[in-house]
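Observations on chain architecture
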Amino acid sequence: MVNMIKLSSKYLDEYWIKRSLKLNCSKKFLSYPDPYEIGNVENGKLLLSGVLKFQNEFIEIPNNSIWNVENKSIKLKNYLEGFDWLNDLAAVGSFEALKLAQDWVFKWILSEKENQEHEWGLETLTRRLFSWISHSGFLLKTQNLALSQSYIESIEQQAFFLEKRWKSLQSNIVRFKALVLLISVGIYIDNKNYLIRYSSDALDKEIRNSFDRDGGVYSRDPNILSQIFSLLTWAEIFLKKIEFNLTENHRSIILKSALILRSLRHSDGSLLGFRGKTELPKKYLDRALINSGVKYSVPKREIMGYARLGRKNISIFIDTGGQLDSVTDGNFLDTKSAIEITIKKFPFIVSGSKVNDTEVSLGGVGNKVYNNSALKLENKFENSVSLQPANLEWIESKTDTILIASHSGYLLETGLTQTRMIKLNNDETQITGEDSFNAISEDSKFKFENIFRNNKKNGIKMSLNFLLHPEVGVDLGKDSVNFSLNNGERYSLSFSNKCHVEIEQSEYYEELNGKRSATKQVVLSSYLMNYDNIMNWSITKF
């Protein structure tokens, strides 16, 4: 059945590609949009010097043509043919950058015309067209008639194919990007205005299918939300310019999502990312939030499966999700009660990345990275934990705010309930934590006794991890662990006597930069001894 679907999809792709190549094209832009994104000036200057920077590697460009790069991985091939590098040349903006961009675009178009077997991967095509439309004002700045006509003709052919096949895109983000792209084609290219209504209606349906009633996305991934939100605000800008009325859903979800995204930002302005994964640079999220017209408001405590403490100088996020994780691709399944802490403008406690096998097979970085600032049992129990949302309790007093989050993900296997208590004092100078595994009911105690009996010889180890941002300094004192931030502030971690403490080498993976950085993590460990197993700790400024 799966093979039949693949064959059917391949046949449809071939059919619509052939149809698109026979189009009578208008060869005329009505106007140019403001760029959606401007890239990195330094990377653009490297391209001018004959060097491509990709995933923190430097690749020589043979004969001054990016299409001569050899031994390309699938990921690099998709990057080149998705024209992501065009953002960087546009960022430089010089005459030399323009001529180089025109040359590489024209060579790709000529190569496609000469190629008898067209393979337009939909995701790559969407990214390519998005870059072309976004930077059309830059690329067509000079009157190069041959390039201009070939360029617009290629855009129309690819847009026609996308119009017919966008529904087969799997990724939520790319589906939104495809529809926003088709709206822009309808606005900016002559005789394509029928695409505006068609794509706007389709966009409305995608919004209904992808967002919950509060304006969050079902995947719980803040990065997905930020990218879709940014696309929706960009579409709103150019639809308003032609006085096209937004659907009620479109405008409503912008307003709701803006409030959520403001609540999901750390005190340094960055979006929380439990795997170091932030696809949308902060400046573009800032722009999208400003364009939304939604001003700053008091952050929500509970947002999209996360809980937040702190308002002024500190932000603490705890992953309290569970049941919604089942609709994701697996990236949010392993962060039960994980914590992130940012103090003022400086990331402090972070959570790591999980690079899956798919990313590796697509030519990504080779090894899996899996680090989270969370309480864990030893691996044989971690692998069987079930997805459970946390039960939350908030306690307010004149001196502090307390969050108690407990989940029963370990209950079926071990009889234990995991509870994490975080207390933040009102002047935001001390964070107190209590993490525990408890057997509460008679049934759960019976189950724990059996597990404990079978592991009595070696015991059952529980560990509490604090993964540090690479720029945080750390040293082990006599009864505490001391930290220094980049601004010179110092903090200490103290803990109960029964805990064993270690400072381990670790890694922090930033997917946006394709960068893996060496860092350290503090690990507090102990052994389960009875029905109530507690680890106490506190982080204090000194």
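Structure: see above.
This text gives an overview of the structure that appears in the document. (Residues numbered from 1 in each chain as written. Predicted model: local features only at pLDDT ≥ 70, side-chain atom pairs only at ≥ 80, totals over all residues. Heavy atoms only, no water.)

A tally of regular secondary structure across the chain gives 17 helices and 19 strands. Residues counted as buried form 54% of the 542 residues belonging to the chain. Restricting the contact set of the chain to residue pairs at least 6 apart, pairs at least 24 apart contribute 69%. (Helix = DSSP H or I, 4+ residues; strand = E, 2+ residues; numbered from the N terminus. Buried < 20%, exposed > 50% of the residue type's maximum accessible area, 1.4 Å probe, protein only. Contact = heavy atoms within 4.5 Å.)

Turning our eyes to something else, we now look at the packing of aromatic side chains. Here the structure, examined in full by the defined rule, presents 26 aromatic pairs. Relative to Tyr 32, the ring of Phe 29 has its centre 5.3 Å away and its plane inclined at 50°; by these criteria the two rings are tilted. Using a relative accessible area of 11% as the deciding quantity, one classes Phe 29 as buried. Measuring from centroid to centroid gives 6.0 Å for Tyr 188 and Phe 238, while their planes differ by 80°, and the two rings are edge-to-face. In this pair, Tyr 188 is assigned in helix H9 (residues 172-188) and Phe 238 in helix H11 (residues 222-241), connecting sequence segments 50 residues apart. Given the relative accessible area of 5%, Tyr 188 is considered buried. Each member of the aromatic cluster is reached from another via a ring pair, and the members are Phe 29, Tyr 32, Trp 67, Phe 83, Trp 85, Trp 104, Trp 108, Trp 132 and Tyr 151. The residue whose ring lies beneath Lys 177 is Phe 130, and the NZ or CZ to ring-centre distance is 4.8 Å. A cation sits over an aromatic face here: Arg 287 above Tyr 36, 5.4 Å from the ring centre. (Phe/Tyr/Trp six-rings, centres within 6.5 Å; stacked < 30°, edge-to-face > 60°. Lys NZ or Arg CZ within 6 Å of the ring centre and 35° of its normal.)

This part is about the pattern of salt bridges. In the structure shown here, the tally under the stated rule is 19 salt bridges. Residues Glu 489 and Lys 344 are paired through a salt bridge, measuring 2.6 Å at the closest nitrogen-oxygen approach. You can see Glu 489 sitting in the loop between strand E15 (480-484) and strand E16 (490-495) and its partner Lys 344 sitting in the loop between strand E6 (339-343) and strand E7 (346-350), a full 145 residues away along the chain. The residue Asp 435 makes a salt bridge to Arg 420 at a minimum N-O spacing of 2.7 Å. Highlighted residues: Asp 435 in strand E12 (residues 430-438) and Arg 420 in strand E11 (residues 417-425), separated in sequence by 15 residues. Both residues of the pair, Asp 435 and Arg 420, count as buried. A cluster of three or more residues bridged by salt bridges with shared partners is formed by Glu 236, Lys 240 and Arg 251. (Salt bridge = Lys/Arg side-chain N within 4 Å of Asp/Glu carboxyl O.)

Our focus in this paragraph is helix H8 (residues 145-165). A rise of 1.5 Å per residue sets the reference length of H8, with its 21 residues, at 30 Å; its end C-alpha atoms lie 30 Å apart and thus fit the reference within 8%. Counting buried residues along H8, 17 of its 21 residues qualify, which places the element largely inside the surrounding structure. (Expected span 1.5 Å × (residues − 1).)

With that settled, the discussion passes to unusual backbone geometry. Even without glycine at this site, Glu 243 takes up a positive phi of about 60°. In this fold, Glu 243 is placed in the loop between H11 and helix H12 (248-263). Take Glu 243: its relative accessible area is 72%, and that puts it in the exposed class. Even without being a glycine, Glu 428 presents a positive backbone phi close to 55°. Secondary-structure assignment places Glu 428 in the loop between E11 and E12.

Attention now moves to a nonpolar patch on the surface. Taken together, the side chains of Tyr 11, Leu 12 and Tyr 15 define a hydrophobic patch exposed on the protein surface, amounting to about 300 Å² of accessible area. Locating Tyr 11 in the fold gives a position in helix H1 (residues 2-21). (Patch = residues over 30% accessible without salt bridge, like charges linked within 9 Å, V, L, I, M, F, W, Y side chains within 5 Å. Areas by Shrake-Rupley, 256 points an atom, 1.4 Å probe, with all protein chains shown as cover.)

Time to look at helix H17 (residues 442-454). A rise of 1.5 Å per residue sets the reference length of H17, with its 13 residues, at 18 Å; its end C-alpha atoms lie 19 Å apart and thus fit the reference within 8%. Inspection of H17 places Ser 444, Phe 448 and Ile 451 among the buried residues, and these make up the whole buried set. The arc enclosing the buried residues of H17, seen along the axis, measures out at 60°, which places them on a common side. Pointing more than 90 degrees away from the buried face of H17 are the exposed residues Glu 442, Asp 443, Phe 446, Arg 453 and Asn 454. (Arc of directions from axis to C-beta.)

Turning our eyes to something else, we now look at the environment of Ser 526. Turning to its location among the elements, Ser 526 is positioned in strand E18 (residues 515-527). With residues up to four places along the chain from it excluded, the contact list for Ser 526 reads Ile 460, Lys 461, Met 462, Lys 498 and Met 535.

Nothing here speaks to function; it is geometry throughout.
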